[in-house]
Amino acid sequence: MNPLTEQDIRAAFVNCSKGEAKRLNIPHDLADRPWSDLDFFGWRDPQAPDRAYLVAELDGRVQALALRNSPSGSWQTRRSMCSLCVTTHTGGVSLLVAPKAGKAGKQGNSVGAYICSDLACSLYVRGKKDAGIGGRPHETLTVEEKIERTMANLSAFVAKVVA
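Remember, it's a predicted structure, so these values are computed and weren't measured experimentally.

K.L.:
How would you explain the pattern of salt bridges if you had to name every residue and give the values?
P.N.:
This model, assessed by the stated rule, comprises seven salt bridges. Close ionic contact of R68 with D50 constitutes a salt bridge, the shortest N to O distance being 3.1 Å. Of this pair, R68 sits in strand β3 (residues 61–69) while D50 is found in the loop between β1 (40–44) and β2 (51–58), placing the two residues 18 residues apart along the sequence. Since its relative accessible area comes to 33%, D50 is described here as partly exposed.

In structure tokens:
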């Protein structure tokens, strides 16, 4: 992924208003991120732990999503699989919900997906971050094929948000 600036990120949001995008907390250490190892950039808002954000370049343009964490439940202690990168975690996968873009979002419609709670899918796929024993199922796919699958899953999720 190409490095992004704060302005790039704020301008890319598709499912919140410009005012909301202007007010959200963007990490200050963008220059220190491992951009070459990222397929998308995701972070949690440290001042609002139920909020998360995801930015990706899809179809030649940068798109960003505002996400909310679903209320936690007893299921979070179970082993769950990320629907983007196919990594399993015990308590490390969250149901993240994105308001739909446009009129549908204003009417309260949303789309959800089970995603790694730390939004570090790119690092798990590349083996740069360890999800623990059994975190990455044995597959015959190459790392490049796993990256393609992760991006196809992300693209499908974003398409549902903007549809």
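K.L.:
Break down the sheet that holds β1 for me, with residues and values.
P.N.:
If you walk across this open sheet you meet the five strands as β1-β2-β3-β6-β7, and the pairing is antiparallel. Every other strand in the sheet has two partners, leaving β1 and β7 (110–116) as the edge strands with one partner each. Each adjacent strand pair in this sheet contributes to an overall mean axis angle of 30 degrees, direction not counted. Relative to β7, strand β6 (residues 93–99) runs antiparallel, the two being bridged by seven bridges. The residue of β7 that forms the bridge with S94 is I115.

K.L.:
So what's going on with unusual backbone geometry? Which residues, and what values?
P.N.:
Positive phi values are uncommon outside glycine, yet D59 reaches one of about 55 degrees. Relative to the helices and strands, D59 is located in the loop between β2 and β3. Not every positive phi belongs to a glycine, and L119 is a case in point at roughly 55 degrees. One can find L119 in the loop between β7 and α4 (121–125). Since its relative accessible area comes to 4%, L119 is described here as buried.

Reading guide: rules and limits
- Residues numbered from 1 in each chain as written.
- Predicted model: local features only at pLDDT ≥ 70, side-chain atom pairs only at ≥ 80, totals over all residues.
- Heavy atoms only, no water.
- Salt bridge = Lys/Arg side-chain N within 4 Å of Asp/Glu carboxyl O.
- Helix = DSSP H or I, 4+ residues; strand = E, 2+ residues; numbered from the N terminus.
- Buried < 20%, exposed > 50% of the residue type's maximum accessible area, 1.4 Å probe, protein only.
- Pairing = 2+ DSSP bridges.
- Axes fitted to C-alpha atoms, helices over the stretch in contact; angles between N-to-C directions.

Interpretation note: all reported values are geometric properties and have no functional meaning in isolation.
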